[in-house]
Every structure is written in structure tokens, then in C-alpha cells.
Amino acid sequence: MTAVVEADRNDEVWIRGANPEQAIRVRSLTKLRGNGVSLLEVRLVERLDETWIVYVRLSDRDGEFRVNLAKSDEPRAWRDVALALASVRDELDFWGAIVCSTERRRPNPA
């Protein structure tokens, strides 16, 4: 029985839901993809610090999930949008449309 419990723990996928954001770790996302879950949408967001983070929608659950670092609660971030796009294509194997948006705004003229 202990071996079964240990095997079940190895199959666990870490997904955290918190208001207003939900997050998923990269390794969990990779494991889910191996279990037949597909990415429906990917969105890149440029934050105020000029880094890019990734949000995904999954086929097996509602909501949008921020992609976090493998062993952290921090979002995985890129300084260059081209590297973020390459990561989505190469690491997540997503070839659909990718929406890019920004949190940065032009300063208002005085």
C-alpha cells in the first residue's frame, strides 16, 4: 500500500488557484501535456519592469494560469519577447496564435 501511495504522489501535479491569479509550474504543465491536456491559448504580458510572462488556458479546466518557475511561486519571466516566444514554441510546443499585451503605458503629457 505504501508503494501505491508513493506512486500516486509522484503523479501529483501542482496547480495553485488564488484570487485574482492562478498559477501552474512549468514541470506540472509539462506533465499535464504528457497526460493529454492541451494548451488552448497562450498570452504573453509585458510587465511594468519590462519583462514578459506567460499565461495559458488548458483544455481540462477553466481559467487562465500564469506559468511559474519550476521550483518557485514566482512567474517565469523573460527580458526579450523573442525569447519568450521561442520558449512557448520550443518548450511548450504551442503553435497556435499567441496574444501579446502590455501593462506599460505611455506617460501622460503634462
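Draft legend 1. Inspection of unusual backbone geometry at higher detail. If you check the backbone angles, Glu 50 has positive phi at about 70° while not being a glycine. One can find Glu 50 in the loop between β3 (39-46) and β4 (52-58). Unlike most non-glycine residues, Asp 93 shows phi in positive territory, near 55°. On the secondary structure map, Asp 93 appears in the loop between α3 (81-90) and β7 (98-102).

Draft legend 2. Spotlight on empty space enclosed by the protein. Inspection of every chain in the model, using the stated rule, returns one cavity of 30 Å³ or more. Considered as a void within the structure, the largest cavity measures approximately 40 Å³ in volume. Taken together, Val 54, Val 67, Arg 76, Trp 78, Ser 87, Val 88, Glu 91 and Leu 92 make up the lining of the largest cavity. When grouped by side-chain class, the residues that make up the lining of the largest cavity number five nonpolar, one polar and two charged.

Draft legend 3. Looking closely at the nonpolar core. Membership of the largest hydrophobic core comes to 20 residues, with the highest contact counts inside it found for Leu 39, Val 42, Val 54, Val 56, Leu 58 and Val 88. Elements supplying a minimum of two residues to this core: α2 (26-34), β3, β4, β5 (64-68) and α3. Among the elements that line this core, the one with the most residues is β4, at four residues. When sequence neighbours within four positions are dropped, the list of residues in contact with Val 56 reads Ile 24, Leu 39, Glu 41, Val 42, Gly 63, Glu 64, Phe 65 and Val 67.

Draft legend 4. Spatial organisation of the pattern of salt bridges. The final tally for this structure, using the stated rule, is eight salt bridges. In this structure, the salt-bridge partner of Asp 73 is Arg 25, at a minimum N-O distance of 3.6 Å. Residue Asp 73 is found in the loop between β5 and β6 (77-78), and its partner Arg 25 is found in strand β2 (residues 22-25); the two are separated by 48 residues along the sequence. Between Glu 64 and Arg 43 there is a salt bridge; the shortest N-O distance is 2.8 Å. One end of the pair, Glu 64, is in strand β5; the other, Arg 43, is in strand β3, and 21 residues separate them in sequence. Assessed through its relative accessible area of 25%, Arg 43 is described here as partly exposed. Overlapping salt bridges, with partners in common, bring together Glu 46, Glu 50 and Arg 104 in one network.

Reading the values: rules and limits
Residues numbered from 1 in each chain as written. Predicted model: local features only at pLDDT ≥ 70, side-chain atom pairs only at ≥ 80, totals over all residues. Heavy atoms only, no water. Helix = DSSP H or I, 4+ residues; strand = E, 2+ residues; numbered from the N terminus. 1 Å grid on protein atoms, 1.4 Å probe; cavity = no way out; pocket = protein on both sides within 12 Å on 5 of 7 lines; lining within 4 Å. Points joined across faces, edges and corners; volume = space filled by probe spheres on them. Nonpolar A, V, L, I, M, F, W, Y, C, P; charged D, E, K, R; others polar. Core = buried A, V, L, I, M, F, W, Y, C linked by side-chain atoms within 4.5 Å. Buried < 20%, exposed > 50% of the residue type's maximum accessible area, 1.4 Å probe, protein only. Contact = heavy atoms within 4.5 Å. Salt bridge = Lys/Arg side-chain N within 4 Å of Asp/Glu carboxyl O.

Note that all results are geometric; they support no functional claim without further evidence.
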